[in-house]
Amino acid sequence: MRNNVEIIEVSPRDGIQNEKKLLSLETKLELIERAVDSGASRIEVTSFVNPRRVPQMAEADEICAALPRDTNCKYIGLALNRRGFERACNADLDEVNFVVVASDTFSQRNQGTDTETGTQLFNDLAAGVTRPIGVGVTIAAAFGCPFEGEMPLERLLKVVEGCMQAKPFELALADTIGVATPRDIHERIAAVRELYPDVPLRLHLHNTRNTGLANAWAGIEAGVSALDSSFGGVGGCPFAPAATGNIATEDLVYMLERAGISTGVNLEKAIDAAQFIETSLEKTVPGMVMKAGVFPQTNASAA
Ligand code: MG
């Protein structure tokens, strides 16, 4: 089993996109600065969507223009369609992550197109990239769909194959609605690995049914190199009913670091960032280590 894993901080995007309380540009930028300061090596900073559909993401271009540049941290923009992809490519980001939804019904709700058309669009867009930007793909609803139910493995693998024709530098599987179990993670990662032994794999997990950390651990056992998480465990999807928070960054860091798997993220700074989100959103967030405290206590936190 690997002894390090990369954590992608997604609170500035998935974490807040479904929140009714709109955060100011300043607050969003402070959140990103806190993520950089915590040691995150990659941050999903925004998504390029229609602000009428996702008001919290209205300032995507302004955020990208104001990102701290004196860092090695890589910035990722999420895109769901052609216009979003092109905006992301023009926004001076390190990576664009395109979403293809594995089920037709959710794909229609999320992106107004079926899975096959979305896959073809991703291939067209990736082939047209002329800038030095990493092109990755996330396959949403990879473990289950909020409208169609179970996601057959054969269908998922077909979608994976369609997307891999575009040669993304990384492939992410998303448990958008938090229905996966550790056994599913092992099974699906192994099946993808068999087809594509070399592509870096990433997991995007929601803790909707409290299986998030167990799934993260299973993912590392299965060989994924990157995990998405959000400070405080905030998160949700505007187009998937009852899709609640991502796994909490600080809870993930606590578990992994204590188990000898390095993340590069500073736990105390991650807890501070989770508290910053809680204050900014004016509501209790799901993260647990931020409430219980670190263990063992450091001199500073024990004082
Ligand atoms: Mg999500």
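Provided above is the structure to which this section pertains.
So, a few notes on the structure that sits alongside this text. Predicted, not measured: the structure shown is a model, and the values here were computed from it.

What follows covers the nonpolar core. Core analysis: the biggest nonpolar cluster contains 100 residues, and Leu 93, Ile 139, Leu 173 and Leu 227 have the highest contact counts within it. No other element matches helix 11 (residues 267-281), which puts eight residues into this core. Sequence-distant contacts of Leu 173, defined by excluding residues within four places in its chain, comprise Ile 139, Ala 142, Phe 143, Leu 156, Val 160, Arg 188, Ile 189, Val 192, Arg 202, Leu 203 and His 204.

For the rest of this paragraph, the subject is empty space enclosed by the protein. Counting across every chain of the model gives one cavity of 30 Å³ or more. Lining the largest cavity are 25 residues, and of these Arg 13, Gln 17, Leu 78, Val 99 and Cys 237 lie nearest its centre. Contributing elements (two or more residues each) for the lining of the largest cavity: helix 1 (11-17), strand 2 (42-48), strand 4 (95-101), helix 5 (104-111), strand 5 (134-140) and strand 7 (201-205). Of all the elements, helix 1 adds the most residues to the lining of the largest cavity, at three residues. Each residue belonging to the lining of the largest cavity can be placed in one class, and the counts come to eleven nonpolar, nine polar and five charged.

Right, let's talk about the pairing of strand 7 for a bit. In terms of burial, strand 7 is a largely internal element, five of the five residues being buried. Alternating residues of strand 7 divide into Leu 201, Leu 203 and Leu 205 and Arg 202 and His 204, and every residue in both groups is buried. Sheet analysis places strand 6 (residues 171-175) next to strand 7, joined by five bridges and oriented parallel. Opposite Asp 175, over in strand 7, you have Leu 205 as the bridge partner.

Below, the discussion takes up the pattern of salt bridges. Enumeration according to the criterion identifies 18 salt bridges in this entry. Salt-bridge contacts for Arg 42 lead to Glu 95; the nearest nitrogen and oxygen are separated by 2.7 Å. In this pair, Arg 42 is assigned in strand 2 and Glu 95 in strand 4, connecting sequence segments 53 residues apart. No difference in accessibility class separates Arg 42 from Glu 95, as the two residues are buried. Glu 44 serves as the salt-bridge partner of Arg 202, at 3.1 Å between the closest nitrogen and oxygen. Taken together, the positions of Arg 202 in strand 7 and Glu 44 in strand 2 put the pair 158 residues apart, joining distant regions of the chain. By relative accessible area, which is 1% here, Glu 44 ends up buried.

Here the magnesium ion is held by the protein donor atoms Asp 14 (OD), His 204 (NE2) and His 206 (NE2), which lie 1.9 to 2.2 Å from it. By relative accessible area, which is 2% here, His 206 ends up buried.

As for its position among the elements, Asn 97 is in strand 4. Among the residues examined, Asn 97 registers a relative accessible area of 2% and is labelled buried. Excluding its chain neighbours within four sequence positions, the residues that come into contact with Asn 97 are Glu 44, Ile 76, Gly 77, Leu 78, Ala 79, Gly 136, Val 137, Thr 138 and Arg 202.

Looking now at the packing of aromatic side chains. Tallying each qualifying case throughout the model produces three aromatic pairs. Between Phe 106 and Phe 147, the ring centres sit 6.0 Å apart and the planes meet at 50°, which makes this aromatic pair tilted. Of the two residues, Phe 106 is situated in helix 5 and Phe 147 in the loop between strand 5 and helix 7 (153-164); the sequence distance between them amounts to 41 residues. Pairwise contacts between aromatic rings join Phe 85, Phe 98 and Phe 122 into one cluster. Between Arg 109 and the ring centre of Phe 147, over which it is positioned, the NZ or CZ distance is 4.1 Å.

This brings us to the sheet that holds strand 6. The eight strands lie next to each other as 1-2-3-4-5-6-7-8, forming a closed barrel whose pairing is parallel. Going across the sheet, the axis of each strand differs from the next one's by a mean of 30°, ignoring polarity. Alignment of strand 3 (residues 74-79) against strand 4, held across four bridges, turns out to be parallel. Its bridge partner lying in strand 4, Leu 78 is registered against Asn 97. Here helix 2 (residues 25-38) sits on the sheet and contacts strand 1 (6-9), strand 2 and strand 3; the angle it forms with strand 2, its principal contact strand, is near 155°.

Next up on the list: unusual backbone geometry. Excluding glycine, residues mostly carry a negative phi; peptide bonds, for their part, are mostly trans. In this chain, Phe 295 is followed by Pro 296 through a cis amide linkage whose omega measures -10°. Relative to the helices and strands, Pro 296 is located in the loop between helix 12 (289-292) and helix 13 (299-302). A positive phi angle, close to 65°, is found at Asn 210, a residue other than glycine. The residue Asn 210 is located in the loop between strand 7 and helix 9 (212-222) in this model.

What counts as what
Residues numbered from 1 in each chain as written. Predicted model: local features only at pLDDT ≥ 70, side-chain atom pairs only at ≥ 80, totals over all residues. Heavy atoms only, no water. Core = buried A, V, L, I, M, F, W, Y, C linked by side-chain atoms within 4.5 Å. Buried < 20%, exposed > 50% of the residue type's maximum accessible area, 1.4 Å probe, protein only. Helix = DSSP H or I, 4+ residues; strand = E, 2+ residues; numbered from the N terminus. Contact = heavy atoms within 4.5 Å. 1 Å grid on protein atoms, 1.4 Å probe; cavity = no way out; pocket = protein on both sides within 12 Å on 5 of 7 lines; lining within 4 Å. Points joined across faces, edges and corners; volume = space filled by probe spheres on them. Nonpolar A, V, L, I, M, F, W, Y, C, P; charged D, E, K, R; others polar. Pairing = 2+ DSSP bridges. Salt bridge = Lys/Arg side-chain N within 4 Å of Asp/Glu carboxyl O. Donors = N, O, S within 2.8 Å, 3.2 Å for Na, K, Ca; no water. Phe/Tyr/Trp six-rings, centres within 6.5 Å; stacked < 30°, edge-to-face > 60°. Lys NZ or Arg CZ within 6 Å of the ring centre and 35° of its normal. Axes fitted to C-alpha atoms, helices over the stretch in contact; angles between N-to-C directions.

Purely spatial values, then, with no claim about function.
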